[in-house]
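Close look at the chain arrangement
One letter stands for each residue in the lines below.
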Amino acid sequence: MTTQEKIQKLCDAVLGMAGVTALAISGGSPAVPPPNGGDMDWFVYGSAVPPLEARHAAYAAAADAWDSVQMKVCEACAWGTGDIFKVDGVDVMFMYFTYDEVLADLESCLSGKRLQPEGAYYPIGRCATLQGLWIARDTQGFLAKLKERLKVYPPELKEAMLAAHLPGVWDDEDFARAAARQDVLFYHQVLERALDHFLQALFACNEVYFPSRKRSPEWLAKFSKKPERCEERLLEIIRLSASGETVAQSCAQWRELTRELQALV
């Protein structure tokens, strides 16, 4: 079997379990990455998460399709209940979610109740993930309805995101102290917090669900509302932040960039 055929066999085994009605992959494409060059995250939906014994049995029936498996790498967390397979050097993860938890999670985000990162997880990123899923199976139209729900960025969410993140792009006291002392490490901490707020505010300004910090320049390149030369200036600000002698320049350029963002809003 080819790697693609092996992964398809695994997917068929997952879809054959009782209660599973939908399967989709993040990233908008089911293309198999090269060995050790990427992974595949499959989202599995149903009325209930298949119990461990049922998953073991389903996977065993497709044992010739995978090399190894780690069960329950996560359980009932932000990433559902997950099992990871190694298939010809490719990590293939199946993450199980129930309808009820997905709907509750989605509504809490869209209503503006979860605007801040929760550890390394951005709740609003789940909206971006759902919006971009490539659907392999959706027998009850569950994912199709979610995608329709996410087509329009809610005005109340935009207002809440901007209110939560725009003030955080500039902390006058901390930036001034870091620049005056030429304190590179402290400046990096202050800038990192501010940059996180800046990106989330900019995504909201463009009515795009903030996915995560990955591939930010690619996203920014698509935005119509942003400070002039935004991506280029962000990289220059970071470059200047590496030396105490240029921290003040970095800080001044950051201040100008944040003013332009605030003017856009």
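What counts as what
- Sequence positions are assigned chain by chain, starting from 1 and proceeding in written order.
- Local features in this predicted model are restricted to residues of pLDDT 70 or higher, and side-chain atom pairs are both shown and tallied only at a pLDDT of 80 or more, whereas totals for entire chains, interfaces and linings draw on every residue.
- Only hydrogens and water are set aside; all other atoms, that is, all heavy atoms of the structure, feed into the side-chain values.
- Residues enter a nonpolar core if they are buried and are Ala, Val, Leu, Ile, Met, Phe, Trp, Tyr or Cys, with the set joined through side-chain atoms within 4.5 Å.
- Each residue gets one of three labels from its accessible area relative to the maximum for its type: buried under 20%, exposed over 50%, partly exposed in between, using a 1.4 Å probe on protein chains only.
- Each helix corresponds to a stretch of at least 4 residues labelled H or I by DSSP, and each strand to a stretch of at least 2 residues labelled E; elements are numbered beginning at the N terminus.
- Any two residues having at least one pair of non-hydrogen atoms within 4.5 Å are treated as being in contact.
- One bridge is not enough; two strands pair if DSSP finds at least two bridges between them.
- To define axes, lines are fitted to C-alpha atoms, for helices over the stretch in contact only, and angles between the resulting N-to-C directions are given on a 0 to 180 degree scale.
- Here a salt bridge means any side-chain nitrogen of Lys or Arg lying within 4 Å of a carboxyl oxygen belonging to Asp or Glu.
- The pairing test for Phe, Tyr and Trp rings, Trp by its six-membered ring, is centres within 6.5 Å, and the orientation test on the planes gives stacked under 30 degrees, edge-to-face over 60, and tilted for anything in between.
- The criterion is that NZ of a Lys, or CZ of an Arg, lies within 6 Å of the ring centre and within 35 degrees of the ring normal, and then a charge sits over that ring.

In this structure, Tyr 45, Phe 175, Tyr 187, Phe 198, Tyr 209 and Trp 254 are the most contacted members of the largest nonpolar core, which totals 59 residues. The element that contributes the greatest number of residues to this core is helix 8 (residues 184-205), accounting for eleven residues. When neighbours within four sequence positions are excluded, Phe 175 is seen to be in contact with Val 169, Trp 170, Tyr 187, Val 190, Leu 191, Ala 194, Cys 251 and Trp 254. Met 17, Ile 25, Phe 85 and Phe 94 belong to the second-largest nonpolar core, a separate cluster that totals 20 residues.

To continue, consider the side chain of Thr 81. Structurally, the position occupied by Thr 81 is in strand 4 (residues 80-87). Using a relative accessible area of 7% as the deciding quantity, one classes Thr 81 as buried. If we skip the residues at most four places from it in the chain, Thr 81 touches Val 49, Arg 55, Cys 74, Glu 75, Ala 76, Phe 94, Met 95 and Tyr 96.

Moving on, we come to unusual backbone geometry. Positive phi, normally seen in glycine, also occurs at Gln 182, with a value near 55°. Along the chain, Gln 182 falls in the loop between helix 7 (172-181) and helix 8. Residues other than glycine seldom take positive phi values, yet Arg 229 does so here, at roughly 55°. Considering the arrangement of structural elements, one finds Arg 229 in the loop between helix 9 (216-220) and helix 10 (230-240).

All right, on to the sheet that holds strand 5 (residues 90-98) then. The sheet built from six strands is open, its strands ordered 3-4-5-2-1-6 with mixed pairing. The sheet is open, and its two edges are formed by strand 3 (68-77) and strand 6 (134-138), each paired on a single side. Between one strand axis and the next, the sheet turns by 20° as a mean value, whatever way the strands run. Here four bridges tie strand 1 (residues 20-25) to strand 6, and the two strands are oriented antiparallel to one another. Pairing of Ala 22 across the sheet is with Asp 138, part of strand 6. Helix 3 (residues 99-110) rests against strand 1, strand 2 (39-46) and strand 5 of the sheet, and its axis sits at about 85° to strand 5.

In terms of residue burial, helix 4 (residues 124-131) counts as a mostly covered element, since seven of its eight residues are buried. Structurally, helix 4 contributes buried residues whose contacts are with strand 2, strand 5, helix 3, helix 5 (142-149) and helix 6 (155-165).

Should the charged atoms of two oppositely charged side chains come close, the side chains can pair. Across all of its chains, the model carries 20 salt bridges by this definition. The partner of Arg 126 in a salt bridge is Asp 105, and the shortest N-O contact between them spans 3.7 Å. Of this pair, Arg 126 sits in helix 4 while Asp 105 sits in helix 3, and the two are 21 residues apart along the sequence. A relative accessible area of 7% places Arg 126 in the buried class. A residue is classified by how much of its surface remains accessible, and Asp 105, at 13% relative accessible area, is buried. Between Glu 231 and Lys 226 there is a salt bridge, with its nearest N and O atoms 3.3 Å apart. With a relative accessible area of 21%, Lys 226 lands in the partly exposed category. Taken together, the shared-partner salt bridges connect Asp 105, Arg 114, Glu 118 and Arg 126 into one network.

Scanning the entire structure with this criterion turns up 17 aromatic pairs. When the ring of Phe 43 is compared with that of Phe 97, the centres are 5.8 Å apart and the planes differ by 15°; the resulting orientation is stacked. Here Phe 43 is found in strand 2, whereas its partner Phe 97 is found in strand 5, with 54 residues between them in sequence. The two residues Phe 43 and Phe 97 agree in class, both being buried. Of the aromatic side chains, those joined through ring pairs into one cluster are Trp 42, Tyr 59, Trp 66, Phe 85 and Phe 94. Arg 55 extends its terminal NZ or CZ atom over the ring of Tyr 96, reaching a point 5.4 Å from the ring centre.

None of the figures reported here should be taken as evidence of function without further support.
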